[in-house]
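# Reading the structure
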Amino acid sequence: MNKVYLVGFMGCGKSAIGKRLSFYTKLPFYDMDHEIVQKTGMTIPQIFETYGEERFRDMETEFLQTFRDEMCIIATGGGVAMRKENRKLMRESGLVFFLDAPFRDIWRRIATDKNRPIVQRSTRSEVEKLYQKRYNAYKESAHFVVLTRQRSLSKVTEYIAFQMERLSGKPDFQPGPRSMPRSTQK
Ligand SMILES: Nc1ncnc2c1ncn2[C@@H]1O[C@H](COP(=O)(O)OP(=O)(O)OP(=O)(O)O)[C@@H](O)[C@H]1O
Ligand SMILES: O=C(O)C1=C[C@@H](O)[C@@H](O)[C@H](O)C1
Ligand SMILES: [Mg+2]
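Residues numbered from 1 in each chain as written. Chains lettered and ligands numbered in written order. Predicted model: local features only at pLDDT ≥ 70, side-chain atom pairs only at ≥ 80, totals over all residues. Heavy atoms only, no water.

On to the site of ligand 1. Residues in close proximity to ligand 1 total 14 residues, the closest being Lys-14, Ser-15, Ala-16, Arg-109 and Arg-116. A distance of 3.1 Å is found between an oxygen atom of ligand 1 and a backbone nitrogen or oxygen belonging to Gly-13. Within the side chain of Arg-116, one N or O atom sits 2.5 Å away from an oxygen atom of ligand 1. When ligand 1 sits alone it has 640 Å² of accessible area, and the protein chains cover 74% of it. Here the shell around ligand 1 gets three residues from one element, more than from any other, and that element is helix 1 (residues 14-25). Here the residues of the shell around ligand 1 are counted per class, giving five nonpolar, four polar and five charged. (Near = heavy atom within 4 Å. Polar contact = N/O pair within 3.5 Å; in protein donor to acceptor, adjacent residues only side chain to side chain. Areas by Shrake-Rupley, 256 points an atom, 1.4 Å probe, with all protein chains shown as cover. Helix = DSSP H or I, 4+ residues; strand = E, 2+ residues; numbered from the N terminus. Nonpolar A, V, L, I, M, F, W, Y, C, P; charged D, E, K, R; others polar.)

As a further point, take the pairing of strand 1 (residues 3-7). Most of strand 1 is tucked away: five of the five residues are buried. A two-sided burial pattern is seen for strand 1, the buried positions comprising Lys-3, Tyr-5 and Val-7 on one face and Val-4 and Leu-6 on the other. One ladder, built from five bridges, connects strand 1 with strand 4 (residues 94-100); its direction is parallel. Note on strand 4: the bridge partner recorded for Val-7 is Phe-98. Examined bridge by bridge, strand 1 and strand 3 (residues 73-75) share three bridges and lie parallel to one another. Its bridge partner lying in strand 3, Tyr-5 is registered against Ile-74. (Buried < 20%, exposed > 50% of the residue type's maximum accessible area, 1.4 Å probe, protein only. Pairing = 2+ DSSP bridges.)

The residue Arg-87 is located in helix 5 (residues 84-93) in this model. Side-chain polar atoms of Arg-87 contact the backbone oxygen of Met-82, separated by 3.2 Å. Setting aside chain neighbours within four positions, we find Arg-87 in contact with Ala-81, Met-82, Ala-137, Glu-140 and Ser-141. (Contact = heavy atoms within 4.5 Å.)

So, on to the UniProt feature "binding site: Mg(2+)" (unreviewed entry) in the protein. The UniProt entry lists Ser-15 under the feature "binding site: Mg(2+)" (unreviewed entry), expressed in the numbering used here. In this fold, Ser-15 is placed in helix 1. Residue Ser-15 is classed as partly exposed on the basis of its relative accessible area of 29%. Residues within four places of Ser-15 in sequence aside, it is in contact with Phe-29, Asp-31 and Ala-75. (UniProt positions renumbered as here; feature names shortened; annotations may be inferred.)

This is the structure:
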């Protein structure tokens with residue numbers, strides 16, 4: 001079964017674009033953060049506070065390991081691509097799109113958000129360092145790098161939908177790590 005994963009730093013648009021892509025493609029949409037919040041009955045800041053970040057990371061991996069076999073769109077949490085195991089799980093079960101946004105755009109979007117514990121506990125420069133540290137892992141996880149700078153949510157959505165359509169139309173297209181077509185952008 002072929003899933004579509006959206007990865008990238010906090011505020012790059014995974015949730016916003018995932019929703020739009022679902023509307024556009026008629027595929028079901030799941031937001032990992034939301035699924036974990038529903039399952040635990042706690043907010044993300046509460047999970048971090050009560051169990052610690054590492055337990056939250058385990059919950060993300062558990063989600064990837066156990067989520068139903070269904071063609072769907074998944075907005076991952078911003079830290080999901082950091083674990084090698086998670087990158088493998090995603091690449092083996094679908095297509096991975098990295099939403100690559102400049103830090104300046106990202107910071108503007110997330111600076112005042114109360115629901116992102118990492119932003120709450122860090123300065124701008126610490127968050128920027130984290131962005132730089134994570135960048136290569138996002139790239140490594142992805143089949144496609146989507147540059148979102150100066151592109152509206154609709155434009156990014158249409159681009160991803162176009163790539164999905166293009167690949168699903170290929171007679172030899174088989175999801176999986178070896179046969180997965182690579183991005184022309186990468
Ligand atoms: N290309 C874009 N153009 C305009 N607004 C955008 C764009 N990408 C994201 N946004 C806006 O930025 C905000 C944050 O986006 P979103 O919540 O989708 O990020 P996210 O990647 O899901 O973050 P997190 O990892 O914390 O869940 C939203 O208000 C969204 O509408
Ligand atoms: O980038 C991160 O580490 C996070 C991003 C969010 O999606 C949430 O998963 C949580 O706030 C942690
Ligand atoms: Mg999100």
